[in-house]
Amino acid sequence: MKPAPFDYTRPASVSEAAAALAAGEGGAKLIAGGQSLGPMLNLRLVQPRLLVDVAGIEALHAFEETADALRIGAGITAANIEDQRIDTGAVPLLQRVAAGIAYRAVRNRGTIGGSLCHADPAADWVNLMPALGVRYELVGPSGRRTVAAADFMTAAFETVLAPDEVLETVVIPKPSAGARFGHVKIARKTGKFAMAIAVVVSDPGRGVFRALIGATHGRPLVVEEAASLLGSDGNTPDTARIGALLVEAGITEPAARQLHLTALRRAAAEAFSKALPS
Amino acid sequence: MSMERSGHARADASGVGAAVLRKEDARFLEGRGQYVADIRLPGTLEVAFVRSPVAHARLKAVHVPADLERRVFTAEDLADMKPIRAATALPGFKHSSEPVLASGKIRYVGEIIAMCVAPSRAEAEDMAARVGLDYEELPAVADVARAMAPDAPLVHEEWGDNVFITFSEDAGGDIDRVAAEAAITVTREIRTARHCMFPMEGRGVLAHMDARLDFLTVISATQMPHVVQHGLAECLGLPDGKVRVISPDVGGGFGYKGLLLREEVALAWLTRRLGVPVRWLEDCREHLTANANCREHAYAITGYADSEGRLLGLDCVAHVDAGAYSVYPTSSALEAAQVANLLPGPYDLPVYRCRSHAVASNKCPILPYRGVARTGVCLALETVLDAIAVEAGIEPWELRLRNLVGPERMPFENVLKKHFDSGDYPQCLRRAVDAIDLPAIRERQKAPEADGRRIGVGLAIFCEQGAHGTSVLASWGRPVVPGYEQATARLTADGELEIRVGTHSHGQGHETTYAQIAHEILGLPLERIKVFQGDTLLVPFSTGTWGSRSIVMGGGAVAEASRALALRIGAIGAWLLQAEADAVEVGAGMVRGGEASVSFGEVARAWYLQPQQLPPGVDTTGLEVTAGYRAERDSGTFSYATHAALVAVDTETGLVEILDYVVVEDGGVLVNPMIVDGQITGGTAQGIGTGLFEAMPFDSEGQPLASTLLDYLLPGAADVPDIRILHMETPSPYTAFGVKGIGEGGAVAPPAALVSAVNDALRPLGVAFCDVPLTPDAILGAILAAGER
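For clarity, every value in this text was computed on a predicted model and none was experimentally measured. (Residues numbered from 1 in each chain as written. Chains lettered and ligands numbered in written order. Predicted model: local features only at pLDDT ≥ 70, side-chain atom pairs only at ≥ 80, totals over all residues. Heavy atoms only, no water.)

1. Quick look at the UniProt feature "domain: FAD-binding PCMH-type" (unreviewed entry) in chain A
Next up, step 1: Here, the residues flagged by UniProt with the feature "domain: FAD-binding PCMH-type" (unreviewed entry) are residues 1–177 of chain A.
Next up, step 2: Annotation note: span residues 1–177 of chain A, helix share 25%, strand share 25%, distance between end C-alpha atoms 50 Å. (UniProt positions renumbered as here; feature names shortened; annotations may be inferred. Helix = DSSP H or I, 4+ residues; strand = E, 2+ residues; numbered from the N terminus.)

This is the structure we're talking about:
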């Protein structure tokens, strides 16, 4: 379990990283925390010619709270959010989701951007950001562009990221004061990837009632007008419609469908419960 | 002269029965342990193996690139090596020869085919990736059903079928007659998944030539250095005296390190060939994909009872998926033999029939994992007993109470003439029922839980025959049968004690417990007693540590050697005191005669340094004694326990949470109760793994499907509850101090207790499980299916 030989470079800026990726002509791979790529290298499932290590790039560790959003550098680790070394209190779900990712050793090194770009269908950040209306700022040789989280991941382990592009900043809009959240992750045991994830966001102040069904075989299912799925009170789910959506997403096995349905129902119940969400 | 133990030595803060901290923990906790991977020899080369990617194939050629020819070795290079043969003398046993490196035929995924050697493991793996295999794939025997089918492919063509051996037991009477007359008949099919043992430290081997002492030295993470020494010598065609095996600190064994490894033989050959040290360290992927080697049983079992739930008979056909080869020395027969042997458990069963088949398949060879066959056997029997209780309309614990053997019948011979040495099984059960507070749980079950889950309680009882002696193992026809376990006790010139034992601690704390036993007799403080183990050059021959034998056999030997040494010390001490030898007492590190005393230091000084002080006619073998021990009756000690589990089942996710877990254990006299608690807790954690998590799935072509810990689930800290352990101590009448073997029991009952508890929780839904692991998928699937019925 040792990786095949590769070259290694440690660029100082995002544009240098993008240039290194471009020069690698498809044989270069970005590494940040290495919590997914590391094992894949060791198992020789991937054998890049060049590793571009972005851990030292300052811009990827930046954090800023503006009037209407949190701007989180893609290189920030889950542990930094879990420990609130950056104050993400304006979006309360972030700390809770961070703390539930894998094991502490993984959270110590695993980055938010690395997880989003790796695009594992069962990963935690992948299945949160689209529900929060997040946008990603990508930097490539031809400049900067912004992509909605819901449009970023295209399929399992596939994104719209060009081979020479780097995810630089995750821009998370701040919810309004009356916003309510529900988040449920069902896993075999603590630390394991999810079998089902559901997120429900109700933010009447911003006209948002959104549901996300995650840990599917591909990109998460995002339903923008969730009242049609869950009832306007959030507690009268249309199980037939949800079932049909799941089947459409390839989840045909009854036990697996039941799990997703349970997650969604519980997330909705949390968002619409009288108790304040944790 | 008198040196009797003063009754039960609880008064002594560090003797038998004292929960002293472990001597070895200082180095382990400070990271100063010496495992194979910690040992550095200059110029060591690293080995990576080319392993078979397929389960069953004819291997036509191994293509080694020309530039690697001198650094890659195949079966052709090793042609002078004898294969590994675990011959058992049992009639009807079909033999398998396990080659060191595969040639001609590949019989399981992960089988080693070529050996690549380089300055670093990464470079060796680069080489392995360049070795080409030319093979013709054959249909694989991936499970028992396929193996037993009339048109099955054959793992070993010359056999004509895929059965290593079948064990038959017919005892107590005519089972067909019982079947005709029984008021209650319950039949179940029960399966336990194949899984991995997963010690914290994997296997590891470092081999080198010792020119000064003229040894081939093999440093290996093994439970049995002498067995490896003898096995290696046989394969290499060397005298035993030219092979030294060192087992340094070992990070967990559980049976995984209780055999002669192909890798050990291969590296021994390689270092002789190259003349430099060579090392191989198993990695996690090798462990998972090449070594899922335990627990896979299938039972078709029928229990018969009268209307009151009294057992009338048990009828079982069992299959053990034993894999492709018979490993040395335990053999592929052990697991199936133990199934047939142990199934009646601690119950008063009048009539018993069992056919137990050891089946060959295209999987890695089966090894006895902590508890050996008992984990499956306990699940099978206890699940049937639960079902009989439901039929009889009584509580499962009450049904067990009606069938357990009472203390008044001890020692007891069961239907198979197995000799239970001592114990009070009904009391053990009652204590567990009290501790889990069954009445309160039954009350709580009457109302729905606030969180919507369903709770259930389960019980399982088992006995753990440990420390099997010559009379038992000789009848199994094994190539290695334990006899008199030996220990050496030596007083050093300054009066400290050295103990040498052939058993090997791989987590059991023998450096502490053996010292406690020596202390019990000689009274030296523990810090002045040193226990040596794990080196064939230094310690007496032993079959090693396995089968819950060490504290009984090794501990007994330490006691014998200490007693014999006490006599020698007493004789010299008496002379120094100018007293008669039978008028002195040896203890507390002193020889006392009336008011006067001499210390062990003074006695040792006389023997080693000032011999002019010695008595005339002194025993010239001096202050070093090797003594042998065999239990008064060597049919084994019987520890036993009741496990009780309270679980909550989320019927919308299939997830099981263990809310409470009680173990009431009777391991005879406990040398160190703290260490025993650790053993029980660790074993129970492994049993929870078997019950809820661990499974190595194989596809129909024999490919193992979990290659990382992403897919292979082990129980973690969050999955193992605070296990509440209560002790009973019924001494064994046959052993030193009344100790019993207790190393494995924790891992036996959890699957049975958990299945019982989940079935109790879900009984109102009409759902019942027999197989482990109990996955959320299986639970949810069954609930959904029951809902549709």
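2. Digging into the interface of chain A and chain B
Next up, step 1: Contacts between the two partners involve 23 residues from chain A, matched on the other side by 29 residues from chain B.
Next up, step 2: Counting the surface lost from both chain A and chain B, the interface buries some 2100 Å², and carbon and sulfur atoms represent 58% of this.
Next up, step 3: When the buried area of chain A at its contact with chain B is split by residue, A:Met1, A:Arg188 and A:Lys189 rank highest and sum to 31% of it.
Next up, step 4: Here chain A and chain B share five salt bridges between them.
Next up, step 5: The salt bridge partner of A:Lys189 is B:Asp719, with a shortest N-O separation of 3.6 Å.
Next up, step 6: Our count for the chain A to chain B interface comes out at twelve residue pairs in polar contact (both at pLDDT 80 or more).
Next up, step 7: Taken together, the elements giving at least two residues each to the side of chain A that touches chain B come down to strand E11 (180–187) and helix H10 (254–271) of chain A.
Next up, step 8: For the side of chain A that touches chain B, the leading source of residues is H10(A), giving seven residues.
Next up, step 9: Looking at the side of chain A that touches chain B residue by residue, the classes come out as twelve nonpolar, three polar and eight charged. (Contact = heavy atoms within 4.5 Å. Buried area = accessible area lost by both parts, 1.4 Å probe. Salt bridge = Lys/Arg side-chain N within 4 Å of Asp/Glu carboxyl O. Polar contact = N/O pair within 3.5 Å; in protein donor to acceptor, adjacent residues only side chain to side chain. Nonpolar A, V, L, I, M, F, W, Y, C, P; charged D, E, K, R; others polar.)

3. Re the sheet that holds strand E2 (residues 57–63) of chain B
All names here are of chain B.
Next up, step 1: Pairing in this open sheet of three strands is antiparallel, and the strands run E6-E2-E8 from one edge to the other. Lying at the two open borders of the sheet, with one neighbouring strand each, are strand E6 (105–106) and strand E8 (132–137).
Next up, step 2: Relative to E6, E2 runs antiparallel, the two sharing two bridges. Within E6, the position partnered with Ala57 by the bridge is Ile106. (Pairing = 2+ DSSP bridges.)

4. Considerations on the sheet that holds strand E13 (residues 208–214) of chain A
Residues and elements named next belong to chain A.
Next up, step 1: As summarised here, the arrangement of the four strands in space is E11-E12-E13-E14, forming an open sheet in which the pairing is antiparallel. The open sheet has two edge strands, E11 and strand E14 (221–223), and neither has a second partner. Put simply, the sheet's adjacent strands are angled 10 degrees from each other on average, direction ignored.
Next up, step 2: With eight bridges joining them, E11 and strand E12 (residues 194–203) adopt antiparallel strand pairing. Along E12, the bridge assignment pairs Ile186 with Ala196. (Axes fitted to C-alpha atoms, helices over the stretch in contact; angles between N-to-C directions.)

5. A short note on the pattern of salt bridges
Close approach of charged atoms lets side chains of opposite charge pair.
All names here are of chain B.
Next up, step 1: Under the counting rule described, the total for this entry stands at 69 salt bridges over all chains.
Next up, step 2: Residue Arg130 pairs with Asp67 through a salt bridge whose shortest N-O separation is 2.9 Å. Linking Arg130 in helix H2 (residues 121–130) with Asp67 in the loop between E2 and strand E3 (72–74), this pair joins segments that are 63 residues apart in sequence.
Next up, step 3: On the accessibility criterion, Arg130 (43% relative accessible area) is partly exposed.
Next up, step 4: Given the relative accessible area of 47%, Asp67 is considered partly exposed.
Next up, step 5: Salt bridges linked by common partners bring Arg51, Arg121, Glu125, Glu263, Asp283 and Glu286 together as one network. (Buried < 20%, exposed > 50% of the residue type's maximum accessible area, 1.4 Å probe, protein only.)

6. Here's the deal with helix H18 (residues 750–762) of chain B
Next up, step 1: Its 13 residues place the ends of H18(B) 18 Å apart at the C-alpha level, agreeing with the 18 Å of an ideal helix rising 1.5 Å per residue.
Next up, step 2: Counted residue by residue, H18(B) has 13 buried out of 13 residues, so it is predominantly covered. (Expected span 1.5 Å × (residues − 1).)

7. A word on the UniProt feature "domain: Aldehyde oxidase/xanthine dehydrogenase a/b hammerhead" (unreviewed entry) in chain B
Next up, step 1: Sites flagged by UniProt as "domain: Aldehyde oxidase/xanthine dehydrogenase a/b hammerhead" (unreviewed entry) map to residues 30–139 of chain B.
Next up, step 2: With 9% helix and 33% strand, the stretch residues 30–139 of chain B has end C-alpha atoms that lie 51 Å from each other.

8. Notes on the domain arrangement of chain B
Residues and elements named next belong to chain B.
Next up, step 1: In terms of domain boundaries, chain B breaks down into domain 1 (9–33 + 484–629), domain 2 (37–138 + 203–250 + 257–290) and domain 3 (372–381 + 390–468 + 634–788).
Next up, step 2: Summing both partners gives a buried area of about 1400 Å² for domain 1 against domain 2, and 53% of it is carried by carbon and sulfur.
Next up, step 3: Counting across the interface, domain 1 meets domain 2 through two salt bridges.
Next up, step 4: Of the residues in the side of domain 1 that touches domain 2, the class split is six nonpolar, ten polar and two charged. (Domains from an automatic or database assignment.)

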